[in-house]
Amino acid sequence: MELQRICLVHYHEIGLKGHNRTSFENRLLKNIEALLSAYPIVTIRRISGRLCVFIKEGTSYEIACEIEDAIAGVPGVARVSCGYKCDREMDIMSEAARMALAEVGDFYTFKVASRRNHTDFDIPSMEISRLVGSYLCEHFPEKKVRMKDPDVKVGVEVIQGNAYVYARSVRGVGGLPVGSSGRVITMLSSGIDSPVATWRMARRGAIPIAVHFSGRPQTSSTSEFLVDDICHVLERTGCIARCYIVPFGDYQREIALGAPPELRVILYRRLMFKVAQRIAQQEGAKAIATGESLGQVASQTIDNIFVTDAAVNMPVFRPLIGSDKQEIIADAQQLGSFEISSQDAPDCCTLFMPRNPETHAKLEDALAAEEQFPLEEWIDSIMEAVEVHDYACPSYKKRRRKE
């Protein structure tokens, strides 16, 4: 029996939306469609609380699994299942279930879970599960049915004139589709934390536009190559649109020469925030995001965060603020950036660091220390020197510059 392979995309949070639910579904559909351009896809359709990816005839199970795994990493996807589309006839549905179950590899226990979306199919869900389960028991006599925590759950969904049957199902990253929550500037270093923060913002529907502050020309450009590698990891699932590379070393040197040593880090970060805000205004972003975690290093105390935030007049998000290092590392490993971020690279974070940085900065002291520096001139010069790298993000469109 020849049946069309499909991947059925399940989402959770989008399904809780109200009248604007369709716009979230369409955004997710377009993101998946763009990110699967290299795979043998026929089309993607919305079907009753699901997206269905129709795969070209003759595609192998291995390629179908690759497609499934790629979809699972796309923000907005709660789960994705690899199986078959077939007619709404019990013998055909049962055979499709046998074919799907035969492909999953080693297992010992299974169950059948059915969902009937329309009552025009007169067999209720419980009876569908019983009939399909009996058929599978006949064809897999050495396997056992287990209703709680089986090795494999065979899904049978009767939706809009067709049935969709699957056995292999993988968990997605969840969240909202990239592009459904506006643009955000993310401060991206080559370390472990900020790529995870960027990824978390993407999973909340934001379009991340990164800014990397390089220690160049006071240090080598190694961190820039690592950041580019990290951006390519994020790009796989459409989680980054652009990265602005900012040569920042000379400005750090000027601050180190003229400011009280204990305030250097605070002043570096305040200038970084001001540059990020200028880029945000240029990109139409409404917020800045950082990879800071409360108390992790000297600059990330509540007092210091207050002083650095006061440098800008837009929201600053810190998606990692309550996470410990092990939680962040686990996310970096899931994202695929951990190995890259574990490489040593000189960057602006370690350049001209004082021996005893301030941990309880006062705003008035920071403002007084800044008075000697031509910050606006510096920011203008920085904006002329930035280098922009673009990445594949289906939901991002370049803004037209005003004349």
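A brief report on the enclosed structure follows. (Residues numbered from 1 in each chain as written. Predicted model: local features only at pLDDT ≥ 70, side-chain atom pairs only at ≥ 80, totals over all residues. Heavy atoms only, no water.)

Strands sit in the order 13-12-9-10-11-14 across an open sheet of six strands; the sheet is mixed. Of all strands in the sheet, those with a lone pairing partner are strand 13 (316-317) and strand 14 (387-390), marking the two edges. Relative to strand 12 (residues 288-289), strand 9 (residues 183-187) runs parallel, the two being bridged by two bridges. Bridged to Ile-185 within strand 12 is Ile-288. (Pairing = 2+ DSSP bridges. Helix = DSSP H or I, 4+ residues; strand = E, 2+ residues; numbered from the N terminus.)

Turning our eyes to something else, we now look at the side chain of Arg-318. Among the secondary structure elements, Arg-318 is positioned in the loop between strand 13 and helix 10 (325-335). Residue class for Arg-318 comes out buried when judged on its relative accessible area of 12%. (Buried < 20%, exposed > 50% of the residue type's maximum accessible area, 1.4 Å probe, protein only.)

Where helix 8 (residues 264-283) contacts helix 9 (residues 302-309), the axes come no closer than 9 Å and their chain directions differ by 40 degrees. With respect to their mutual orientation, helix 8 and helix 9 come out oblique. In this structure, helix 8 meets helix 9 at a crossing whose hand is right-handed. Listed contacts from helix 9 to Ile-266, Arg-269, Arg-270 and Phe-273 of helix 8 are Asn-304, Val-307, Thr-308 and Asp-309. (Axes fitted to C-alpha atoms, helices over the stretch in contact; angles between N-to-C directions. Parallel < 35°, antiparallel > 145°, perpendicular 65-115°, else oblique. Left-handed = near helix turned anticlockwise from the far one by under 90°. Contact = heavy atoms within 4.5 Å.)

Another aspect to go through is helix 4 (residues 125-139). Across its 15 residues, helix 4 extends 21 Å between first and last C-alpha, which sits within 8% of the 21 Å expected from 1.5 Å per residue. Considered for burial, the residues of helix 4 that qualify are Ile-128, Ser-129, Val-132, Gly-133 and Leu-136. The buried residues of helix 4 occupy an angular sector of 120 degrees when the element is viewed end-on, so they sit on one face. Turned more than 90 degrees from where helix 4 packs its buried face, Met-126 and Glu-138 sit exposed. (Expected span 1.5 Å × (residues − 1). Arc of directions from axis to C-beta.)

The contact between helix 7 (residues 249-258) and helix 13 (residues 375-385) brings their axes to 11 Å, and the two run at 160 degrees. When the axes of helix 7 and helix 13 are compared, the pair comes out roughly antiparallel. Seen from above, helix 7 lies across helix 13 with right-handed handedness. In this structure, helix 7 uses Tyr-251, Glu-254 and Ile-255 to contact helix 13, whose residues at the interface are Trp-378, Ser-381 and Ile-382.

Nonpolar side chains collect at one region of the surface, where Leu-294, Ile-302 and Ile-321 lie side by side and expose about 270 Å² of accessible area between them. As for its placement among the helices and strands, Ile-321 is situated in the loop between strand 13 and helix 10. (Patch = residues over 30% accessible without salt bridge, like charges linked within 9 Å, V, L, I, M, F, W, Y side chains within 5 Å. Areas by Shrake-Rupley, 256 points an atom, 1.4 Å probe, with all protein chains shown as cover. Salt bridge = Lys/Arg side-chain N within 4 Å of Asp/Glu carboxyl O.)

One key point about sheets: their strands pair by backbone hydrogen bonds, in either a parallel or an antiparallel sense. Taken together, the eight strands give an open sheet; going across it, the order is 2-3-1-4-8-7-5-6, and neighbouring strands pair in mixed fashion. The open sheet terminates on both sides in strands that have one partner only, identified here as strand 2 (41-46) and strand 6 (144-145). In this sheet, strand 8 (residues 162-171) lies alongside strand 4 (residues 79-86) in antiparallel orientation, the contact comprising eight bridges. Its bridge partner being in strand 8, Tyr-84 is matched across the sheet by Val-165. Packing against the sheet, helix 2 (residues 61-72) makes contact with strand 1 (4-10), strand 2, strand 3 (50-55), strand 4 and strand 8, and its axis sits at approximately 70 degrees to strand 8. Taken strand by strand, helix 3 (residues 90-102) contacts strand 4, strand 5 (109-116), strand 7 (152-159) and strand 8, and its axis lies near 20 degrees from that of strand 8.

What follows is about the nonpolar core. Considering soluble globular proteins, one finds that nonpolar side chains tend to be buried as a cluster. Core analysis: the biggest nonpolar cluster contains 63 residues, and Ile-185 and Leu-271 have the highest contact counts within it. Sort the elements by how many residues they give to this core and helix 8 lands first, with ten residues. Formed by 27 residues, the second largest nonpolar core is a distinct cluster that contains Met-90, Ala-100, Ile-128 and Val-158. (Core = buried A, V, L, I, M, F, W, Y, C linked by side-chain atoms within 4.5 Å.)

The peptide bond linking Arg-216 to Pro-217 adopts the cis configuration, its omega dihedral lying at 5 degrees. With respect to the secondary-structure elements, Pro-217 resides in the loop between strand 10 (207-214) and helix 6 (222-235). Not every positive phi belongs to a glycine, and Asp-149 is a case in point at roughly 55 degrees. Checked against the element boundaries, Asp-149 lands in the loop between strand 6 and strand 7. Residue class for Asp-149 comes out exposed when judged on its relative accessible area of 61%. Notably, Gln-160 is not glycine yet its phi reads approximately 45 degrees, a positive angle. The class for Gln-160 is partly exposed, based on a relative accessible area of 42%.

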